[in-house]
Amino acid sequence: MNFLMLLVDRCRILWLQGICQEYQRLLRELNQIVLAEAIATIELTEKQQQAIAEKVKEMTGAKQVELKTRIDPNILGGLVVKVGSQVIDISLREQLRRLANSLMK
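Here we summarise the structure given alongside this text. The shown structure was predicted, so the numbers you read here are calculated from the model rather than taken from an experiment. (Residues numbered from 1 in each chain as written. Predicted model: local features only at pLDDT ≥ 70, side-chain atom pairs only at ≥ 80, totals over all residues. Heavy atoms only, no water.)

Let us now look at the pattern of salt bridges. Working definition: two side chains of opposite charge can pair if their charged atoms are close together. Counted by the stated rule, this structure contains seven salt bridges. A salt bridge links Lys 57 to Glu 54; the shortest N-O distance between them is 3.5 Å. Of this pair, Lys 57 and Glu 54 both sit in helix 3 (residues 46-60), three residues apart, roughly one helical turn. The partly exposed category is assigned to Glu 54, whose relative accessible area is 43%. (Salt bridge = Lys/Arg side-chain N within 4 Å of Asp/Glu carboxyl O. Helix = DSSP H or I, 4+ residues; strand = E, 2+ residues; numbered from the N terminus. Buried < 20%, exposed > 50% of the residue type's maximum accessible area, 1.4 Å probe, protein only.)

What follows is the structure, encoded as structure tokens:
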């Protein structure tokens, strides 16, 4: 509460969201938790989410994975997984794009 009051007194309460995000990032780093986002065309089952989390653990060497899921019908099918700046795109849209590029060459 004192910290919040200090932000208000110093007219920096607008920075609260950024402060909270940075705190969460540092906490994840300390606890070796990786933040990953999975984008699919349909809702993923619990089993699918666990499988994705296990693969991300293997890739990153993290102890835990905090997985957020999102639905995007524009990817047509498949899955896109984002871990930090790394993107694993196995969506149908990406495969069609690659096929079109290879046919154009």
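This part covers the sheet that holds strand 2 (residues 64-71). Taken in spatial order, the four strands of this open sheet run 2-1-3-4, and their pairing is mixed. Only two strands of the sheet have a single partner each, and these edge strands are strand 2 and strand 4 (86-89). This sheet shows a mean twist of 20 degrees between the axes of neighbouring strands, independent of strand direction. Contacting strand 1 (33-40), strand 2, strand 3 (79-83) and strand 4, helix 3 runs over the sheet at an angle of about 130 degrees to strand 2. (Pairing = 2+ DSSP bridges. Axes fitted to C-alpha atoms, helices over the stretch in contact; angles between N-to-C directions. Contact = heavy atoms within 4.5 Å.)

Attention now moves to the pairing of strand 4. In terms of strand pairing, strand 3 meets strand 4 through four bridges, oriented antiparallel. Its bridge partner lying in strand 4, Lys 82 is registered against Val 87.

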